[in-house]
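Given next are the chains, with one letter for each unit.
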Amino acid sequence: MATPTFFVTMKRSFADVPVEAGRVSTTEFLEAAESLVALFDLLASTAFSVVQMDMNGNIKKIRDRQLANPIISATLQDIVLSEKVNKNKTATQGLLWLTRGLHLTAVALRKNIESTEELNESFTKAYNETLIKFHNMVVRPVFKLAMKACPYRKDFYAKLGSDYDAVKEQLLTWLAALEQIVKIIQDFYDSGNYGKGL
């Protein structure tokens, strides 16, 4: 009998994050982001701990802002707009960098599921297409090492679940939702140049 897949056991899928009128619900988004960080545990490489720490730190910045001011933090867009007014952009910066990490993950997994290449190839290509331009010379080698430290493709997919067809179907649903949310956030930041200087 097949064991439950990773996507069934995760706290929240990006497919279950409410998006109304282009606005992303903060609480559910953060839960889904935490579940994505847990996905890196399956990569079973200490090299990925730097990626996880970075993402968890950015999740905390957003959650701290939400807890401090829940009324004006219902959606991610509300948080960014409220910080624009008061000039403290800690959560805005956290969301920007978290979204970049989510984008890297989405691009890497999309490349991998649509090919037969190994994970280290997919993650390295994705890093070069997404995050590398935002990293300085000190950070780049650390992230490049992490990308190269991925497990073998077959081992990773086996950890996601014993039924590959079910895993692939659920991964594609989750991935499409992640890609949609990343695009919504990126478009929002571009629309108001909210990431300037961050």
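Residues numbered from 1 in each chain as written. Predicted model: local features only at pLDDT ≥ 70, side-chain atom pairs only at ≥ 80, totals over all residues. Heavy atoms only, no water.

Focus on the overall build of the protein
The criterion, for reference: Only runs of H or I of at least four residues qualify as helices and only runs of E of at least two qualify as strands under DSSP, and these elements are numbered from the N terminus. C-alpha atoms define the radius of gyration, and 2.2 Å times the number of residues to the power 0.38 defines the globule rule. The buried label applies to any residue whose accessible area, calculated with a 1.4 Å probe on protein chains only, is under 20% of its type's maximum; exposed applies above 50%, and partly exposed to all values in between. Per-residue accessibility takes into account occlusion by the displayed protein chains alone, with areas from the Shrake-Rupley method and a 1.4 Å probe. By the counting scheme adopted, Arg and Lys are positive, Glu and Asp are negative, and His together with the chain ends is not counted. To locate a charge, the coordinates of NZ of Lys, CZ of Arg, CG of Asp or CD of Glu are taken.
The helix and strand tally for the protein stands at nine helices and two strands. From first element to last, N terminus to C terminus, the protein shows the α and β order α-β-β-α-α-α-α-α-α-α-α. Taken against the 2.2 N^0.38 rule, which gives 16 Å for 198 residues, the C-alpha radius of gyration of the protein at 17 Å falls within 12% of a compact globule. The buried share among the 198 residues of the protein stands at 48%. Taken as a whole, the protein presents about 9800 Å² of accessible surface, with 56% of it coming from carbon and sulfur. Distance between charge centroids for the protein: 9 Å, based on 24 positive and 22 negative side chains.

With respect to the nonpolar core
The cut-off we apply is this: Here, nonpolar core refers to any group of buried Ala, Val, Leu, Ile, Met, Phe, Trp, Tyr and Cys residues whose side-chain atoms link them within 4.5 Å. Note on contacts: a residue pair qualifies if any of its non-hydrogen atoms lie within 4.5 Å across the two residues.
By size, the foremost hydrophobic cluster in this structure holds 63 residues, and its most contacted members are Phe14, Phe29, Phe123 and Trp174. When sequence neighbours within four positions are dropped, the list of residues in contact with tryptophan 174 reads Phe7, Met10, Ser13, Phe14, Leu36, Leu39 and Leu109.

Overview of the packing of helix α5 (residues 90–113) against helix α9 (residues 164–192)
Packed helices, taken two at a time, are described by the angle between their axes plus the distance between the axes. For clarity, the cut-off: To obtain an axis, a line is fitted to C-alpha atoms, over the contacting stretch when the element is a helix, and the angle between two such axes runs from 0 to 180 degrees between their N-to-C directions. Here a crossing is taken to be left-handed if its near helix is turned anticlockwise relative to the far helix by less than a right angle, and right-handed if that turn runs clockwise. In this count, Pro and Cys sit with the nonpolar residues alongside Ala, Val, Leu, Ile, Met, Phe, Trp and Tyr, while Asp, Glu, Lys and Arg are called charged and the others, Gly among them, polar.
Two numbers describe how α5 lies on α9: the axes approach to 9 Å, and their chain directions differ by 145°. Handedness of the α5/α9 crossing: left-handed. Within the contact of α5 with α9, the residues separate by chemical class into 16 nonpolar, four polar and three charged.

Regarding unusual backbone geometry
Trans peptide bonds make up the majority, and among non-glycine residues the majority have a negative phi. Positive phi, close to 70°, is recorded for lysine 87, a residue that is not glycine. Of note, lysine 87 is situated in the loop between α4 (76–86) and α5. By relative accessible area, which is 67% here, lysine 87 ends up exposed. Located in the positive-phi region is asparagine 193, a residue other than glycine, with phi close to 50°. Relative to the helices and strands, asparagine 193 resides in the segment after α9.

Considering helix α2 (residues 26–39)
Just so we agree on the cut-off: Expected span, for any helix, means 1.5 Å times one less than how many residues it has.
Between its first and last C-alpha atoms α2 spans 20 Å; for 14 residues at 1.5 Å apiece the expected length is 20 Å, and the two agree. Taking burial as the measure, the 14 residues of α2 include eleven buried ones, the bulk of the element. Looking at α2, one finds that the buried residues are Thr26, Glu28, Phe29, Leu30, Glu31, Ala32, Ala33, Ser35, Leu36, Val37 and Leu39.

Quick notes on the packing of aromatic side chains
As a reminder of what qualifies: Ring pairs are drawn from Phe, Tyr and Trp, using the six-membered ring of Trp, whenever the two centres fall within 6.5 Å, and their geometry is named by plane angle: stacked under 30 degrees, edge-to-face over 60, tilted for the rest.
Summed over the entire model, instances satisfying the criterion amount to 13 aromatic pairs. Between tryptophan 97 and phenylalanine 134, the ring centres sit 6.1 Å apart and the planes meet at 80°, which makes this aromatic pair edge-to-face. On the criterion of sequence distance, the pair formed by tryptophan 97 in helix α5 and phenylalanine 134 in the loop between α6 (119–129) and α7 (139–148) is long-range, its members being 37 residues apart. The class for tryptophan 97 is buried, based on a relative accessible area of 18%.

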